[in-house]
There are 2 protein chains.
Amino acid sequence: MSSEKMDRRKKYTRMVLKESLMKILKVKPISSITVKEICEVADINRSTYYSHFQDQYDLLKQIEDEFIEDMNITLHSYDNNKDEEALQMIEQILLYVSKNRDMCETLFSDHGDISFKNRIMTVAYNHSVKNWVSESNIHKDVSKYGSLFAISGCISVIESWLSNGMDKPPKEMANIIFNLTKNGIDSFSE
Amino acid sequence: MSSEKMDRRKKYTRMVLKESLMKILKVKPISSITVKEICEVADINRSTYYSHFQDQYDLLKQIEDEFIEDMNITLHSYDNNKDEEALQMIEQILLYVSKNRDMCETLFSDHGDISFKNRIMTVAYNHSVKNWVSESNIHKDVSKYGSLFAISGCISVIESWLSNGMDKPPKEMANIIFNLTKNGIDSFSE
DNA sequence: GACACCGTGTTGGATATTCAACAAACAGTT
DNA sequence: AACTGTTTGTTGAATATCCAACACGGTGTC
């Protein structure tokens, strides 16, 4: 797929607007942020903003979209059908999160978009737990609840890990998450 | 004096081109630097460069000009007619240099413009030694040599101070420079 | 309700920059 | 001397952004 070359000015404008919003989101929620303020921080004209984005919510959505796309691409090379590979995938997810700690903390926070977690859950589900759960001998009518349970648990643990300054290395965290999830699924096994 | 508001794009373009050249000057002399390279580092189109500057030497000269203008403005509030105030002025110069250490090191280096030191000498002369020497009872036919001697000595000491990572505080260095200069001038006194 | 202030969404003309291309000059190699 | 690769200086059309202005709506105060 050919990636068309974006004009430098456009690239720069979008970059600084995104950085600006991420910066402001650290100190106030999206509902209190104005387009005027975003532009002041970015040092970009307001009419230019409107030629790129509809409002502050549109900008936030595009930041999330890019983050999720980037995350998908990064994790795409890790497919897993076995327990050991599932563990590695969780570790990869944690490594990705740690590399993008700043972004993750801000997007996950109450200042951002509540539905973002749901989208992240979907990504994590598609990259790890989905295959894993289908590989397990689990009741079909319980399978999706098991997945949701596992993913929700993972997200919460990851958030807490971030808040604690990533006090444990990704590998160890992956083991913890893996064992918590595995035992939960195994207890449903026929 | 009203400072006319510069278009943001222009301001940005000049800023990143200056930063780009300063960055490259750290690793190679001005004579080996191409306009093409400056533009690549700055991520600015080459034709835009030529709409702002004639060549790489022109850009360097404008960086120096701005530096000297800024230095002049900063030191302008310090006028000195007495020894104690002369000492304070030297300290102010050293404080200014320490605040702009990175810029000073690069512009003073062999990678830059040899004549830059002469220009800095002129600034220092106008802000301190000029009044100071004229206040001293020094032979008129020796006065200008005394000034040149003092200023050249100061510049060399400042360069060495920068190279040593500013190992002594500005106040102490000012005292050293002051006493070296004073004794030199006093030895010419009638 | 009137008023002042702030932010929004939009507009049109001007400005600055991008992009691709070109001819020429320069430097290094054979 | 010929060749190759790189950089220079310039050009013109297209694009993106800036700037100032405007009408409108929302908020808070009196």
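Residues numbered from 1 in each chain as written. Chains lettered and ligands numbered in written order. Predicted model: local features only at pLDDT ≥ 70, side-chain atom pairs only at ≥ 80, totals over all residues. Heavy atoms only, no water.

**Let's talk about the overall build of chain A**
Then comes step 1: Within chain A, the regular secondary structure consists of 9 helices and 0 strands.
Then comes step 2: For chain A, the sequential pattern of α-helices and β-strands runs α-α-α-α-α-α-α-α-α.
Then comes step 3: In chain A, which comprises 190 residues, the share counted as buried stands at 40%.
Then comes step 4: Put simply, 68% of the contacts in chain A that link residues at least 6 apart link residues at least 24 apart.
Then comes step 5: A total accessible area of about 11200 Å² is found for chain A, and carbon and sulfur atoms account for 50% of it. (Helix = DSSP H or I, 4+ residues; strand = E, 2+ residues; numbered from the N terminus. Buried < 20%, exposed > 50% of the residue type's maximum accessible area, 1.4 Å probe, protein only. Contact = heavy atoms within 4.5 Å. Areas by Shrake-Rupley, 256 points an atom, 1.4 Å probe, with all protein chains shown as cover.)

**Quick word on the protein's contact with DNA strand D**
Then comes step 1: Lining the immediate surroundings of DNA strand D are 20 residues, of which R9, T13, T48 and H52 of chain A together with R9 of chain B lie closest.
Then comes step 2: Sugar plus phosphate, as a fraction of atoms of DNA strand D within 4 Å of the protein: 60%.
Then comes step 3: In the model, a phosphate oxygen of DNA strand D is placed 2.9 Å from a nitrogen or oxygen of the V35 of chain B main chain.
Then comes step 4: Where the surface near DNA strand D is concerned, the elements lending two or more residues are α1 (8-25) and α3 (46-52) of chain A together with α1 (8-25), α2 (35-42) and α3 (46-52) of chain B. (Near = heavy atom within 4 Å. Polar contact = N/O pair within 3.5 Å; in protein donor to acceptor, adjacent residues only side chain to side chain.)

**Focus: the pattern of salt bridges**
Then comes step 1: Following the criterion strictly, the structure yields 24 salt bridges over all chains and no others.
Then comes step 2: Salt-bridge contacts for E66 of chain B lead to K18 of chain B; the nearest nitrogen and oxygen are separated by 2.4 Å. Taken as a pair, E66 of chain B in helix α4 (residues 56-75) and K18 of chain B in helix α1 lie far apart in primary sequence, 48 residues in all.
Then comes step 3: Residue class for E66 of chain B comes out partly exposed when judged on its relative accessible area of 41%.
Then comes step 4: Given a relative accessible area of 13%, K18 of chain B falls into the buried group.
Then comes step 5: Linking E105 of chain B and R101 of chain B is a salt bridge whose minimum nitrogen-to-oxygen distance equals 3.7 Å. Of this pair, E105 of chain B and R101 of chain B are both found in helix α6 (residues 101-108), 4 residues apart, which corresponds to roughly one turn of the helix.
Then comes step 6: Here the salt bridges do not stand alone but share partners, grouping K61, E64, D65 and R119 of chain A into one network. (Salt bridge = Lys/Arg side-chain N within 4 Å of Asp/Glu carboxyl O.)

**Remarks on the interface of chain A and chain B**
Then comes step 1: With 6 residues of chain A in contact, the opposing surface of chain B contributes 6 residues.
Then comes step 2: Summed over both partners, the interface of chain A with chain B comes to about 540 Å²; 32% of that surface belongs to carbon and sulfur atoms.
Then comes step 3: Taken as a group, R8, Y12 and D43 of chain A account for 81% of the area that chain A buries against chain B, more than any other trio of residues on that side.
Then comes step 4: At the boundary of chain A and chain B, one finds 2 salt bridges.
Then comes step 5: The partner of R8 of chain B in a salt bridge is D43 of chain A, with the nearest N and O atoms 2.8 Å apart.
Then comes step 6: Taken together, the residues of the side of chain A that touches chain B break down into 2 nonpolar, 1 polar and 3 charged. (Buried area = accessible area lost by both parts, 1.4 Å probe. Nonpolar A, V, L, I, M, F, W, Y, C, P; charged D, E, K, R; others polar.)

**Quick word on the environment of C104 of chain B**
Residue and element names in this part refer to chain B.
Then comes step 1: As for its position among the elements, C104 is in helix α6.
Then comes step 2: Put simply, C104 and L162 are 58 residues apart on the chain and 8.5 Å apart in space, counted from C-alpha to C-alpha.
Then comes step 3: Setting aside chain neighbours within four positions, we find C104 in contact with F67, V97 and L162.

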